[in-house]
Amino acid sequence: MTARRVPFAVSATAVVTYAFLHLPLLVLIAFSFNRSRFGVQWGGFTLDWYARLAFRPDILRAMRLSLVVGLLSTLLATAMGTLAAVALARYLPRARRAAGGLLYLPIVTPEIVAGVSLLVLFSWMGIALGITTIVIAHTAFSIPFVTVVVLARLQGTDHTLEEAAMSLGADELSTFRRVTLPQLMPGVLAGALLAFTLSFDDFVTTFFVSGVGSTTLPLAVYSMVRKSVEPTINALSALLVMVTTVAVYLADRLARGSTRA
Amino acid sequence: MPASTPEQPAVEFRGVAKRYGSTPAVRDLSFTVGRGEFFSLLGPSGCGKTTTLRLLAGFETPDAGEIRLFGEAVNRRRPYERDLAMVFQSYALFPHLSVERNVAFGLEQRKRPAREIRDRVRAALELVRLDPGTFATRRPSELSGGQRQRVALARALVLEPRVLLLDEPLGALDLKLRKEMQVELKALNLQLGVTFIHVTHDQEEALAMSDRLAVMNQAEIAQVGTPAEIYENPRTAFVADFIGEANFLEGKAAGRPGGEAARGSLEGWVITGDAGSFVVPPHWAISEGGDVRIAVRPEWLDLWRPGCLPRGENGLPATIQDLVYLGETIHVRVTLANGRVMIIALRNEGQLIKPLPWNRGDSCIVAWRPEDCQVLEG
Amino acid sequence: MRRGILRWIARHPRSPGALLLGPGGLWLLAFFLLPILILLVYSVMPRGAYGGVQPGFTLEHYRRFLDPLYLGILRRTIWLSFLCTLACLLLAYPTAFYIARSGPRRNLFLFLAVLPFWTSSLVRTYAMIFLLRDSGLINRALMDAGLIQLPLRLLYTEGAVLAGLVYGALPFMILPIYASIEKLDPALLEAAEGLGARSWSRFTRVVWPLTAPGVAAGSLLVFVPSLGSFVVPDLLGGARQMMIGNLIQNQFGPSRNWPFGSAAAFAVMALVLVAMLGVLRMKGLDDEHGTSKGRGA
């Protein structure tokens, strides 16, 4: 099949697609190293814009907040999502369809709807908007992704391994700790990386559930973009893209490598 | 755990039933396995034999009935509370642990001292003829199928279980290795005195290895017995057909044999079917005028020229259809008067020096001694 | 103690499942399902002071959508989402085909196609601004080349919004189509060829029907998020190209009319539901079609 020649129209479209997908970001990143402040002329290589970021207390604060929110929500979502995946795969195969609905609904619901509904919930419950509400929201939208990734990994593993452990004298807890979890680890790590990426990049939900003084990095970028277009935004965006790319690449490697084992 | 009296069987099933949804996986299962016995559960796929093993192992809970191990009911006991060990069809070796750690798993779980674990792991590997020096540190993925099989066996045996469960343990091996492992498993059973319960769909393997076996069909036990009992006295058509090859004949019980047809003092029945009449030995299931079905093994049959039937033997007229050369034997397929095909296995005495005197289309008599048949129930 | 717990679990074989599913399930119930239900309640209550609600029942917030202003926003939302889906399909189908046929580099191409999905929508939208604005790369390049004297108005147009939507949604179309093409048995194509099917009819009669489920799934995954998009029309469309997402944001933000905003959110949910049912129905028909064909062959 691979030997079959691909029609020119097909490969041409593919080139257009890839250019469309990647050129804007590549241009953006390239210009984050451009010395010239205005316009498109290349004024020479510089790391000035990145250095400037380091002297912006608001950006540094936002970065710290994004990291804290990302780590907390990743921890929570990974723990709960992994347990849910184990439950669905091992104990509740029949509940999988119903639970599957609850799991996939957040993935297909427009983020803005989820965002404003959380805003309504928090105000109804009288919870002040801030880091807590952001972490709650990020955890909520990350859980389904973790569960899906871990579930995929679980389906690739052999259930008889757990039975074998039990037949060798391991009770449920030992079996989970000594056999299930080590098998699951690559999937759990991949899920965690994806959860972190989702949280670190999220704008829409955070926009609605953040309060005064709880500005994450994407929110900071948003207010900068609304004000003006300047090379520091390019630098900040480039940083975000690089963090994401590395995280997703690692997650992809883990997920792929693990299915082979 | 209270000491069990020596006369209690190792395993006992009393009316055990299990269903998945509305389909019964096993129905009213009752059998016992003696201590140190090599017992096989044999049957086609989906007959319930694996469910039976999983019930015994504790991976499934029975819906009805009782499972006893050495006299104690274990229905509610978790797998790790049963003092059993199991060898899985897929071997189920832990891919993230070395051979050594795989075998040590159960001992570590029992919190044995490190020194004891090391010695017993080494001994177990040697028992299954794997050199500890070579294999201890390898990962399961670096082993061949036969080696994995041995590790799985060592991992189970190292615990010195009272009962060893084997779920199609040889299914994934090639023919030569399978034969070799059959002999080794049987030898281990004798050497260690452990009760082996073995699930297989390979009738030859079950006959070769077992002290006794249960043939299962459609969630029920069709027959339990020694290999010879099962092969030579199959009680149902299913058993006769599933174990070895069998020819089936039907007819009605017409009366008691007398005069020429009877041989000596034999009491029995004359059966009349549309292929002819024949005599069968007495059997509780036969009554005057009732339907009778018998099974005759191909090697119990003989072929004669028309008019040459030995006294006292049954004979049905037939036509030779074809001959199949199988090496050790030659299968002759013949067509009876009612169109039924029968297979006769003749010993090959050398086709080059002493060819069979039969050709396609020849008329012949299919003959057997009345006692060389099995009257089937139901 | 531990033995006791395990024994209890053993007697209730479903219980570990419930225990493990519990935290995640409750979290989603409390912070996903419950808020949406509250939103539904808000959408049928009269407006109170400062964005709140007061007791009562009303459908006035839904009736407001009959106002030409909001009808226009609804129409634009559906129209742009539809155009976006169509554009994605035209780009993604050949691309997915290309990836499936690219042999050893397949994983790399696949990774590159999915990567934008994980990149912040905000960053991607900013990248579009960087290219499209009056002093952006495209206008500068055209002016430097002497093709135009004054910058073209690229930003804050329907085209800009469409480009932004397509840019964000493409991976969602590529992936499912790729999955269905990958599953395609090469022998089928060869069989079709052997039966004398020329490449175009081979495509329409064999490849297209078999990849239709992927196209349906991809269309759903593109259309649905487009309906609710907010960042793209906000930054690339400005005030004139409002989509329903901006309307929602507006009601929860400056306008402080939460009930109306809730109604708008449910309008989006309704559109999403209709789109999903439509696609599922199409898929159902397709399955029937497929089996009857299989039987005929």
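Residues numbered from 1 in each chain as written. Chains lettered and ligands numbered in written order. Predicted model: local features only at pLDDT ≥ 70, side-chain atom pairs only at ≥ 80, totals over all residues. Heavy atoms only, no water.

In terms of helices and strands, chain A carries 11 helices and zero strands. Helices and strands in chain A line up, N terminus first, as α-α-α-α-α-α-α-α-α-α-α. When the backbone C-alpha atoms are referred to their principal axes, chain A occupies close to 70 × 65 × 30 Å. Evaluated residue by residue, chain A yields a buried proportion of 57% over its 261 residues. (Helix = DSSP H or I, 4+ residues; strand = E, 2+ residues; numbered from the N terminus. Buried < 20%, exposed > 50% of the residue type's maximum accessible area, 1.4 Å probe, protein only.)

Residues and elements named next belong to chain B. Read from one edge of the open sheet, five strands run β13-β12-β11-β14-β20, paired in antiparallel fashion. The sheet terminates laterally at β13 (276-280) and β20 (374-375), the two strands that pair on one side only. Note that strand β11 (residues 247-255) and strand β12 (residues 269-273) share three bridges and pair antiparallel. Paired with K252 across the strands is T272, a residue of β12. (Pairing = 2+ DSSP bridges.)

With 23 residues of chain B in contact, the opposing surface of chain A contributes 18 residues. Together chain B and chain A conceal approximately 1,800 Å² of surface at their shared face, both sides included; 58% is due to carbon and sulfur atoms. Taken together, the links from chain B to chain A amount to three salt bridges. Along the contact surface separating chain B from chain A lie 10 residue pairs in polar contact (both at pLDDT 80 or more). Of all the elements in the fold, those that place two or more residues in the side of chain B that touches chain A are β6 (84-87) and α2 (99-109) of chain B. (Contact = heavy atoms within 4.5 Å. Buried area = accessible area lost by both parts, 1.4 Å probe. Salt bridge = Lys/Arg side-chain N within 4 Å of Asp/Glu carboxyl O. Polar contact = N/O pair within 3.5 Å; in protein donor to acceptor, adjacent residues only side chain to side chain.)

Take the sheet that holds strand β5 (residues 72-73) of chain B next. Sheet strands pair by backbone hydrogen bonding; their relative direction is either parallel or antiparallel. Residue and element names in this part refer to chain B. On the basis of which strands lie adjacent, the open sheet formed by four strands has the order β2-β1-β4-β5 and antiparallel pairing. The strands lining the two open edges of the sheet, one partner per strand, are β2 (23-33) and β5. Set on the sheet, helix α1 (residues 49-57) makes contact with β1 (11-20), β2 and β4 (64-69); between it and β1 the angle comes to about 115°. (Axes fitted to C-alpha atoms, helices over the stretch in contact; angles between N-to-C directions.)

Contacts between chain A and chain C engage 87 residues on the former and 87 residues on the latter. The tally of links from chain A across to chain C stands at one salt bridge. One salt bridge connects A:R226 with C:D234, and the closest N-O pair in it is separated by 3.5 Å. Summed over the shared surface of chain A and chain C, the result is 10 residue pairs in polar contact (both at pLDDT 80 or more). For the side of chain A that touches chain C, the leading source of residues is helix α1 (residues 8-31) of chain A, giving 15 residues. Tallied by class, the residues present in the side of chain A that touches chain C amount to 61 nonpolar, 17 polar and nine charged. (Nonpolar A, V, L, I, M, F, W, Y, C, P; charged D, E, K, R; others polar.)

As a further point, take the domain arrangement of chain A. All names here are of chain A. We note that the domain assignment places domain 1 (6-35) and domain 2 (49-260) within chain A. Computed from C-alpha coordinates alone, the two centres of domain 1 and domain 2 are separated by 28 Å. Every contact between the two is made by eight residues of domain 1 and, on the other side, seven residues of domain 2. Buried area between domain 1 and domain 2, summed over both chains or domains, comes out near 640 Å², and the portion from carbon and sulfur atoms is 69%. The three residues of domain 1 that bury the most area against domain 2 are L28, I29 and S32, which together make up 63% of that side's buried surface. The tally of links from domain 1 across to domain 2 stands at zero salt bridges. Put simply, domain 1 and domain 2 have three residue pairs in polar contact (both at pLDDT 80 or more) between them. (Domains from an automatic or database assignment.)

Inside soluble globular proteins, nonpolar side chains tend to come together where they are buried. In this structure, C:F65, C:I177, C:L247 and C:F252 are the most contacted members of the largest nonpolar core, which totals 147 residues. With 14 residues, helix α4 (residues 68-100) of chain C is the single largest residue contributor to this core. (Core = buried A, V, L, I, M, F, W, Y, C linked by side-chain atoms within 4.5 Å.)

Let us now look at the environment of B:A85. Among the structural elements, B:A85 can be located in strand β6. For B:A85, a relative accessible area of 0% gives the class buried. Spatially, the C-alpha atoms of B:A85 and B:L164 are 5.0 Å apart, while their sequence positions differ by 79 residues. Apart from residues lying up to four places away in sequence, B:A85 is in contact with A:S167, B:A156, B:P161, B:V163, B:L164 and B:L165.

Here we take up helix α10 (residues 217-227) of chain A. Where burial is concerned, most of α10(A) is hidden: eight out of the 11 residues are buried. Along α10(A), the residues that are buried comprise A:L217, A:P218, A:L219, A:A220, A:V221, A:Y222, A:M224 and A:V225.

Burial runs high along helix α7 (residues 159-167) of chain A: seven of the nine residues are buried. Of the surrounding elements, those touching the buried residues of α7(A) are α3 (57-91) and α8 (172-201) of chain A together with α1, β6, α2 and α5 (145-157) of chain B. Immediately beyond the C-terminal end of α7(A), within one or two residues, lies A:G169, with a positive phi of roughly 105°.

Residue and element names in this part refer to chain B. Summarising burial for strand β7 (residues 163-167): five of the five residues are buried, a large majority. The two faces of β7 match: V163, L165 and D167 on one face and L164 and L166 on the other face are all buried. Taken together, the four bridges between β6 and β7 define a ladder with parallel strand orientation. Residue pairing across strands places M86 opposite L165, the latter belonging to β7. Judged from the five bridges that link them, β7 and strand β8 (residues 195-200) form a sheet pairing that is parallel. Looking at the pairing, D167 lines up with V199 of β8. Where the polypeptide runs from β7 across helix α6 (residues 175-192) and back to β8, its parallel neighbour, the crossover connection is right-handed. (Right-handed = clockwise from strand over helix to strand, strands pointing away.)

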